[in-house]
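Inside the fold
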Amino acid sequence: ALLIKDNHVAGLELKAWPKAINAAIKAAKELNPKLAFAMVEVDSLDQLAAAVKSSADVVLLDNFKPDSVREAVAMRDKAAKRIELEVSGGVSLDTVRELAEAGADRISVGALTHSAKALDLGLDLRVD
């Protein structure tokens, strides 16, 4: 898979995003013809409007609240229904249902790993 983070295209004007994203996807597919999918991260609806004009398969909605996810789904449905929307960033087990009900196709819950309680485990080897 290919992930184009928002900071990879941050220096570009939004109108240049589709062409740049398409070029990156094309180059990745030339290097790996078995590329499963290409994902672009956005952190605003303006960036989403640019990303849905590209050949990306998935757009990662970073730190979107449920109301913004609903807007993103409507925008995607109008522009490029083939693109899946994944919500990530700030997702917890308390918010995942509301984000799913807002229409997200995928949801990443980082709290499952970065908020897990640590276990301090030691293994002492004793040789007699």
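So, here's what we can say about the structure. Worth saying up front: this structure is predicted, and the values here are computed from it rather than measured. (Residues numbered from 1 in each chain as written. Predicted model: local features only at pLDDT ≥ 70, side-chain atom pairs only at ≥ 80, totals over all residues. Heavy atoms only, no water.)

**Quick notes on the overall build of the protein chain**
- From N to C terminus, the protein chain includes five helices and five strands.
- The secondary structure elements of the protein chain, listed N-terminal to C-terminal, are β-α-β-α-β-α-β-α-β-α.
- Counting only C-alpha atoms, the protein chain reaches 70 × 40 × 25 Å along its principal axes.
- Looking at the protein chain as a whole, 34% of its 128 residues are labelled buried.
- By sequence separation, contacts in the protein chain at least 24 residues apart represent 53% of the contacts at least 6 residues apart.
- Roughly 8400 Å² of accessible area belongs to the protein chain as shown, and the carbon and sulfur atoms make up 52% of that amount.
- Distance between charge centroids for the protein chain: 7 Å, based on 17 positive and 20 negative side chains. (Helix = DSSP H or I, 4+ residues; strand = E, 2+ residues; numbered from the N terminus. Buried < 20%, exposed > 50% of the residue type's maximum accessible area, 1.4 Å probe, protein only. Contact = heavy atoms within 4.5 Å. Areas by Shrake-Rupley, 256 points an atom, 1.4 Å probe, with all protein chains shown as cover. Lys, Arg positive; Asp, Glu negative; His and termini not counted. Charge placed at Lys NZ, Arg CZ, Asp CG, Glu CD.)

**Structural notes on the pattern of salt bridges**
- In total, this model carries eight salt bridges according to the counting rule given.
- Its salt-bridge partner being K5, residue E41 comes within 3.2 Å of it at the nearest N-O pair. Here K5 lies in the loop between β1 (2-4) and α1 (17-31) and E41 lies in strand β2 (residues 38-42), a separation of 36 residues in the sequence.
- Its relative accessible area of 33% is what places K5 among the partly exposed residues.
- Taking the shortest distance from any N to any O, the salt bridge between R70 and D67 comes out at 2.9 Å. (Salt bridge = Lys/Arg side-chain N within 4 Å of Asp/Glu carboxyl O.)

**Here's the deal with the packing of aromatic side chains**
- Per the stated rule, a full pass over the model turns up zero aromatic pairs.
- Between the NZ or CZ atom of R106 and the centre of the ring of F37, over which it lies, the distance is 5.0 Å. (Phe/Tyr/Trp six-rings, centres within 6.5 Å; stacked < 30°, edge-to-face > 60°. Lys NZ or Arg CZ within 6 Å of the ring centre and 35° of its normal.)

**What to know about helix α3 (residues 66-79)**
- Taking 1.5 Å of rise per residue, 14 residues should cover 20 Å, and α3 covers 20 Å from first to last C-alpha, within 8% of that figure.
- Among the residues of α3, P66, V69, A72, V73 and R76 are the ones counted as buried. The buried residues of α3 occupy one face: seen down the axis, they fall within an arc of 105°. Seen from the open side of α3, the exposed residues pointing more than 90 degrees away from its buried face are D67, K78 and A79.
- Where α3 is buried, its residues contact α2 (45-51), β3 (58-62), β4 (84-88) and α4 (96-101). (Expected span 1.5 Å × (residues − 1). Arc of directions from axis to C-beta.)

**Considering unusual backbone geometry**
- Phi at N63 takes a positive value of approximately 60°, unusual for a residue other than glycine.
- With respect to the helices and strands, the residue N63 is situated in the loop between β3 and α3.

**Brief notes about the nonpolar core**
- In this structure, V42, L48, V59, L61 and V69 are the most contacted members of the largest nonpolar core, which totals 31 residues.
- Looking at this core, the elements with two or more residues in it are β1, α1, β2, α2, β3, α3 and β4.
- For this core, the element with the most residues is α1, which contributes four residues.
- With near-sequence residues (within four places) excluded, V59 lies in contact with V40, V42, L48, A51, I83, E84, L85 and E86. (Core = buried A, V, L, I, M, F, W, Y, C linked by side-chain atoms within 4.5 Å.)

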